[in-house]
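# Observations on the model geometry
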Amino acid sequence: MNYKIEITKVNKSRLSEIDFDKIPFGQTFSDHMFSADYINGEWTNLKIIPFSNLSLSPVNLALHYGQSIFEGMKASKMTDGTPALLRPEMHVRRLNASAQRLCMPDFPEDLFLQALHELVGMEAGWIPQKEGSALYIRPLMFAMDEKLGVAVSESYKFLIVTGPVGPYYPKPVKLLADTEYIRAAHGGVGEAKTAGNYAASLYPARLAMQKGYDQILWLDAKEFKYVQEVGTMNIFFVINGKVITPATTGTILKGITRDMSIQILRDKGYEVEERLISIQEIVEAHMDGSLQEAFGTGTAAVVSNVELIAYDGVDMPMPSIETYKVAHLLKSEINGMRSGEVEDRFGWVVPVKRETAKV
Ligand code: COI
């Protein structure tokens, strides 16, 4: 289906004010955003408008009870200048899986893709060219009903905002495997990309930062025994040449970069296991010298190296980052596919086509 998306352009772009050499993650936003409203059971008011503040009721349901979900994607420029997306259909499917868990309506896949192509096409000038930088794309959906009873909202807003970003973690991270706080329990919302998961991580992350670590390595909620994820990314280890990552069994976000990493590595002949990984296994591999790499994967993080893991009062420094082979390979494969320098063997790269919107 071809949707009618109304476009209102800014009078003057802010692009010339941007210093592309200094773009910390998530602090600069492009000129336009896509907006849609869910009213009376259908998505309507489809428009691209200047990036601007919203007007919300103080009794907006999302503000009180957290019916709010989002995605994280990136657009980059291929070497011939064409803007490209990576697996956009996976993101809308994951958005809709989150929506289902939070009792929110599906966003039509074809509308999502049309809006994305149109918006990213318009904002192509905002895509940084520098290696490690990209145009970050943040689709989000939240409740719009105005009332205080705990209830499923009947109206929603869906937005896509974009902005140029540099690396999320400019240097390798130090992780604390927490044995007091949890991210997600079986039956909860750990697999959904919902605001509350991130809110719940803030206090433990602050405590970890006060102790000199960058992020939490979450353990399972029942026994504090099995490794889960790092809140902003999925986690991988290389032990004796074998790549292992926790299986996604309901409490871990189904990362799209995680999925790509597994496919790329298997294609390259690596053995990759998705399974339960106990923190004790990591401690033992560290002690006997077989732990070769630890790194995280995510849209924002891409592939971010881990420098140290702390557990049970002991800091375990990882091997020197210079010796990391798997993380390095993944980063150059993913960035190379984005730029077109590495062959897209999996059909993941989607060049942006602007041909659909009505002005
Ligand atoms: C992403 O990787 O895009 C995320 O959404 C993680 C984080 C920035 C919240």
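Owing to the predicted nature of the structure, the values given are computational and were not obtained by experimental measurement.

### Quick look at helix 3 (residues 109-122)
With 14 residues, helix 3 extends 20 Å between its outermost C-alpha atoms, agreeing within 8% with the 20 Å of an ideal straight helix rising 1.5 Å per residue. The buried fraction of helix 3 amounts to 11 of the 14 residues, a majority that puts the element mostly inside the structure. L111, F112, Q114, A115, L116, H117, E118, L119, V120, G121 and M122 are the residues of helix 3 that are buried.

### Looking at the pairing of strand 16 (residues 314-317)
One face of the sheet, then the other: side chains in a regular strand alternate in exactly this way. Pairing of strand 15 (residues 302-311) with strand 16, which is carried by four bridges, proceeds in the antiparallel orientation. Pairing of I309 across the sheet is with M316, part of strand 16. Counting the residues in the hairpin turn of strand 15 and strand 16 gives two residues, including D312, whose phi is positive at 55 degrees.

### Describing the environment of K174
By the secondary structure assignment, K174 is in strand 9 (residues 173-177). A relative accessible area of 28% means that K174 is categorised as partly exposed. Each C-alpha atom, one on K174 and one on Q215, is 6.7 Å from the other, the two residues being 41 residues apart in sequence. If near-sequence neighbours (up to four positions away) are discounted, K174 is found in contact with G212, Y213, D214, Q215, E307 and L308.

### Digging into the domain arrangement of the protein
A common way to report how large an interface is uses the accessible area buried once the components associate. One can read the domain layout of the protein as domain 1 (6-166) and domain 2 (173-324). Computed over C-alpha atoms only, the centres of domain 1 and domain 2 are separated by 27 Å. Each side of the interface is counted separately: domain 1 has 18 residues, and domain 2 has 18 residues. In total, domain 1 and domain 2 occlude about 1,400 Å² of area from one another, counting both sides; carbon and sulfur atoms represent 61% of this. It is F70, R87 and R94 that lose the most area in domain 1 upon contact with domain 2, and together they represent 39% of the buried surface on that side. Counting every contact that joins domain 1 to domain 2 gives one salt bridge. Here D259 makes a salt bridge to R87, at a shortest N to O gap of 2.7 Å. The tally of links from domain 1 across to domain 2 stands at 11 residue pairs in polar contact (both at pLDDT 80 or more).

### Notes on the site of the ligand
The local shell around the ligand consists of F70, G72, Y136, R138, Y168, K193, Y198, T299 and A300. Within the contact set of the ligand, an oxygen atom lies 3.4 Å away from a backbone nitrogen or oxygen of T299. Protein coverage of the free-state accessible area of the ligand, which is 280 Å², stands at 91%. Its residues placed into classes, the shell around the ligand shows five nonpolar, two polar and two charged.

### Observations regarding the packing of aromatic side chains
Under the counting rule described, the total for this entry stands at 15 aromatic pairs. Taking 6.1 Å as the distance between ring centres and 70 degrees as the angle between the ring planes, the aromatic pair formed by F34 and F158 counts as edge-to-face. Within this pair, whereas F34 is found in strand 2 (residues 32-39), its partner F158 is found in strand 8 (residues 156-165), the two being separated by 124 residues in sequence. The exposure class of F34 is buried, given its relative accessible area of 0%. Taking the centre distance of 4.9 Å and the plane angle of 85 degrees together, the rings of Y168 and Y169 count as edge-to-face. A relative accessible area of 31% means that Y168 is categorised as partly exposed. Within the aromatic cluster, the residues linked to one another by ring pairs are F34, Y38, W43, F107, F112, Y156 and F158.

### Focus on the environment of E274
Inspection of the secondary structure assignment puts E274 in strand 13 (residues 272-275). Residues E274 and N234 lie 40 residues apart in sequence; the distance between their C-alpha atoms is 12 Å. What E274 contacts, discounting residues up to four positions off in sequence, is T245, A247, R258, I262 and R266. A distance of 2.8 Å separates a polar atom in the side chain of E274 from a polar atom in the side chain of R258.

### Considerations on the packing of helix 2 (residues 88-101) against helix 3
Put simply, helix 2 and helix 3 touch, their axes get as near as 10 Å, and they point 130 degrees apart. The pairing of helix 2 with helix 3 is recorded here as oblique in orientation. Crossing angle aside, the handedness with which helix 2 passes helix 3 is right-handed. Across the interface between the two elements, P88, E89, V92, R93 and L95 from helix 2 touch E109, F112, L113 and L116 from helix 3. Looking at the contact of helix 2 with helix 3 residue by residue, the classes come out as six nonpolar, no polar and three charged.

### Quick notes on the pattern of salt bridges
Here the structure, examined in full by the defined rule, presents 20 salt bridges. Between K130 and D21 there is a salt bridge whose closest N-O contact spans 4.0 Å. A residue pair is termed long-range when its members are at least 10 positions apart, and K130 in the loop between helix 3 and strand 7 (134-143) and D21 in the loop between strand 1 (6-7) and strand 2 qualify at 109 residues. Note on K130: relative accessible area 47%, which makes it partly exposed. Residue D21 is classed as exposed on the basis of its relative accessible area, which comes to 60%. The partner of E274 in a salt bridge is R258, and the shortest N-O contact between them spans 2.8 Å. Of the two residues, E274 sits in strand 13 while R258 sits in helix 5 (residues 256-267), which places them 16 residues apart along the sequence. When its relative accessible area of 35% is taken as the criterion, E274 is described as partly exposed. Look at the salt bridges and you will find they share partners, linking K242, E271, E273, R275 and E281 into a network.

What counts, and at which threshold
Residues numbered from 1 in each chain as written. Predicted model: local features only at pLDDT ≥ 70, side-chain atom pairs only at ≥ 80, totals over all residues. Heavy atoms only, no water. Helix = DSSP H or I, 4+ residues; strand = E, 2+ residues; numbered from the N terminus. Expected span 1.5 Å × (residues − 1). Buried < 20%, exposed > 50% of the residue type's maximum accessible area, 1.4 Å probe, protein only. Pairing = 2+ DSSP bridges. Contact = heavy atoms within 4.5 Å. Domains from an automatic or database assignment. Buried area = accessible area lost by both parts, 1.4 Å probe. Salt bridge = Lys/Arg side-chain N within 4 Å of Asp/Glu carboxyl O. Polar contact = N/O pair within 3.5 Å; in protein donor to acceptor, adjacent residues only side chain to side chain. Near = heavy atom within 4 Å. Areas by Shrake-Rupley, 256 points an atom, 1.4 Å probe, with all protein chains shown as cover. Nonpolar A, V, L, I, M, F, W, Y, C, P; charged D, E, K, R; others polar. Phe/Tyr/Trp six-rings, centres within 6.5 Å; stacked < 30°, edge-to-face > 60°. Axes fitted to C-alpha atoms, helices over the stretch in contact; angles between N-to-C directions. Parallel < 35°, antiparallel > 145°, perpendicular 65-115°, else oblique. Left-handed = near helix turned anticlockwise from the far one by under 90°.

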